[in-house]
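# Geometric and topological summary
What follows is the residue order along each chain.
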Amino acid sequence: MREIIEKALAEGRTALTAPEGRAICQQYGIATPGEGLATSAAEAEALATELGLPVVLKIVSPDILHKTDAGGVLVGLKTAEEVRQGYDTILANARAYDADARIDGVQVQQLVGGGHEVIVGAVTDPTFGKVVAFGLGGVLVEVLKDVTFRLAPLSGDDALGMLDDIKAAEVLRGVRGAEPADRQALADLIERVGRLVDDHPEIIEIDLNPVFASAKGAVAADVRIIVGERPAETERLGKDVILGQMTRIFKPRSIAVIGASNEQGKIGNSVMRNLINGGYQGRIFPINPKAPEIMGLPAYDSIAAVPYDIDVAVFAIPAAFVAGALEQVGQKGVAGAIMIPSGFAETGNHEGQAEIVAIARKHGVRILGPNIYGYYYTPENLCATFCTPYDVKGSVALTSQSGGIGMAILGFSRTTKMGVSAIVGVGNKADVDEDDLLTFFGQDDNTRAIAMHLEDLKDGRGFVAAAREVVPHKPIIVLKAGRTALGARAAGSHTGALAGDDKVYDDILRQAGVVRAPGLNDMLEYARALPLMPTPQGENVVIITGAGGSGVLLSDAVVDAGLSLMEIPPDLDEAFRAYIPPFGAAGNPIDITGGEPPSTYENTVRLGLTDERIHALVLGYWHTIVTPPMVFAELIARVVGEERAKGNHKPVVASLAGDTEVEEACDYLFEHGVIAYPYTTEKPVAVLGAKYRWARAAGLLR
């Protein structure tokens, strides 16, 4: 097989011929129709007779990639005469299409059909490398674009999951009396394609379209394989090395500020004030050749002059002076260079960015940035940034590729009293990226959830590998910007990054177990809520509501979030009916009606928490004088707290409708571990859905 690829490359070809592609498929057990190569009309007739009519004829030329466009495909030839004439027609069409094309002959192929037309293929994605694709085939793949992706190689379970991931999944199962496809045969074919491209990096693209999937198996009717030079392998540091570097950056014993200043309004002054006023307990060394003292601390004319070891250097100088200062930082043995300056790749200065990366790598220094606001790590009272100080400690680590988004994170954290373990700017990601940060925060005892805003991934496979290690223990929430074509272009101009295709991102982030947030507020709310919410033990969700309208909207939200409304068994239905008025409604949602006293809420919610068959509760509250908002909030917080003390740990989310008092009630509930939002039925259920997506990915559901 390698000989086939090497022969094509040696001849300067990028496309394999159909017979070459079929030979490769056969070696990997990928079924293709019987076929042969004819170099004359007589040979075509003989092959057709041997294979059995009807047949398909296809031009075989290394210079004609899209055979149909060249009139090089004839389908359903039923007689020997049609085959002879077809041979001549195809040759004439090919020569008319490209007079200089090399023609090896005409492929005579058994006509296969029946079942469902699907496409199975693989592409080389700039972010994730080899990626396997599956979807509806034939012309439908371009019209409907109903395709899903996974990293190659992929497991059998991943391959089976792809069959269910397209919108037309039910078609393959057989609808309206149609014959279902052999799912296992189709999954096996997908898995083999993944193994094929992983074994042979020179295969840039493979396209099996159509594949006829029927109850009898899966056969690739057409094979197109594109080859090229083997992609360069990505160099990755070992986990222990990364942990050592990141630990020195986030838990530094000493920090130097290059460009420290006494002048208010200067970045170097803001960084110094934040470090000192923020309570950082390590040593701080201002670097400024023009000042003997800065903010009460002795200043040094260069980092080389500091007579102590230094873990972190914060750069607050113009881009033009960074390279020279970084050389001294490297010679000093500093672990991390926090590059606040802009003026690098984001403005087109790729050479300048490449220069500082080369200097850093030469000395083993890790660069965070450039073009960032700095970073916060609250367990160390570390505020190494020129932005507003922040010291509210919590368990969420947040990162952003944009300074503006970073400040939105900070403001949200302060307003909601969420608290953070870290807020980190990554900017241009010249060196340190999300992979490194996941490696550190994944083992950081101060961090229980990780939320990341990103516009691109520098090393998609490295990110997936790091995420897979973290997800079983902590949720990872990602806001991927650039979902649309215009958004992707904006991301590229903002950071000098090329955003990958969003569908590829969406599927592979899900494959890695990452929870993707649709928007900025969603990411922040997921980050705020998920650490507070117990992990569900199963899929049964029950809605308890005081308003029928809310119950309907909450039911819709449950379906939209991919959750399962529990079918209430008769004994549990009877138990709920004992607590609700006769004009209420059991079932699911359980409508206790709006005029009920606090005891009705307490009894029904407690029953939902104590019955082991129920795994999560969604509460719908309607503001009444009988049960005012704060009465409801205090009651629910008490009941949930009492049951959790008994070991009944279940997620509880609430939607509160009413006058402005419901805002205070929601804040109170949040403070007591119940996720609650006013004026919305969608948001609390979306947060619950995010918790479920993580729990499923982590394998924590029974």
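The structure this text deals with has already been given above.
Residues numbered from 1 in each chain as written. Predicted model: local features only at pLDDT ≥ 70, side-chain atom pairs only at ≥ 80, totals over all residues. Heavy atoms only, no water.

### Concerning the sheet that holds strand β3 (residues 73-77)
With antiparallel pairing, the 4 strands of this open sheet are ordered in space as β1-β4-β2-β3. Both edges of this open sheet fall to β1 (35-38) and β3, since each of them pairs with a single strand only. If you compare each strand with its neighbour and ignore which way they point, the axes differ by 20 degrees on average. Sheet topology places strand β2 (residues 55-60) next to β3; 4 bridges connect them, and they run antiparallel. In the sheet register, Val56 faces β3, and the bridge partner there is Val75. Sheet strands touched by helix α2 (residues 18-27): β1, β2 and β4 (105-110). Its angle to β1, the strand with the most contacts, is close to 155 degrees. Of the strands in this sheet, β1, β2, β3 and β4 are in contact with helix α4 (residues 80-97), which crosses β2 at around 25 degrees. (Pairing = 2+ DSSP bridges. Helix = DSSP H or I, 4+ residues; strand = E, 2+ residues; numbered from the N terminus. Axes fitted to C-alpha atoms, helices over the stretch in contact; angles between N-to-C directions. Contact = heavy atoms within 4.5 Å.)

### Some remarks on the packing of aromatic side chains
Summed over the entire model, instances satisfying the criterion amount to 13 aromatic pairs. Between the aromatic rings of Phe250 and Phe441, the centroid separation amounts to 5.3 Å while the plane-to-plane angle is 65 degrees, which identifies the pairing as edge-to-face. Within this pair, whereas Phe250 is found in helix α9 (residues 239-250), its partner Phe441 is found in helix α14 (residues 434-443), the two being separated by 191 residues in sequence. Phe441 shares its class with Phe250; the two are buried. (Phe/Tyr/Trp six-rings, centres within 6.5 Å; stacked < 30°, edge-to-face > 60°. Buried < 20%, exposed > 50% of the residue type's maximum accessible area, 1.4 Å probe, protein only.)

### Focus: the side chain of His453
Tracing the backbone through its elements, the reader meets His453 in strand β22 (residues 449-454). Apart from residues no more than four positions distant in its own chain, His453 is found in contact with Thr399, Ser400, Gln401, Ser402, Ile405, Glu434, Leu479, Ala481 and Met523.

### Details of a negative patch on the surface
A cluster of like negative charges, contributed by Glu634, Asp659, Glu661, Glu663, Glu664, Asp667 and Glu671, occupies part of the molecular surface. Looking at the negative patch element by element, the count peaks at 5 residues for helix α23 (residues 661-671). Examined against the element boundaries, Asp667 turns out to sit in helix α23. Residue classification places Asp667 among the partly exposed residues on the basis of a relative accessible area of 44%. (Patch = residues over 30% accessible without salt bridge, like charges linked within 9 Å, V, L, I, M, F, W, Y side chains within 5 Å. Areas by Shrake-Rupley, 256 points an atom, 1.4 Å probe, with all protein chains shown as cover. Salt bridge = Lys/Arg side-chain N within 4 Å of Asp/Glu carboxyl O. Lys, Arg positive; Asp, Glu negative; His and termini not counted. Charge placed at Lys NZ, Arg CZ, Asp CG, Glu CD.)

### A look at the pattern of salt bridges
Enumeration over the complete set of coordinates arrives at 44 salt bridges. With its nearest N and O atoms 2.8 Å apart, the salt bridge here joins Arg248 to Asp311. Taken together, the residues Arg248 in helix α9 and Asp311 in the loop between β14 (297-298) and β15 (312-315) connect sequence positions 63 residues apart. By relative accessible area, which is 30% here, Arg248 ends up partly exposed. When salt bridges that share partners are traced, they join Arg150, Asp165, Asp502, Lys503, Asp506, Asp507, Arg510 and Arg516 into one network.

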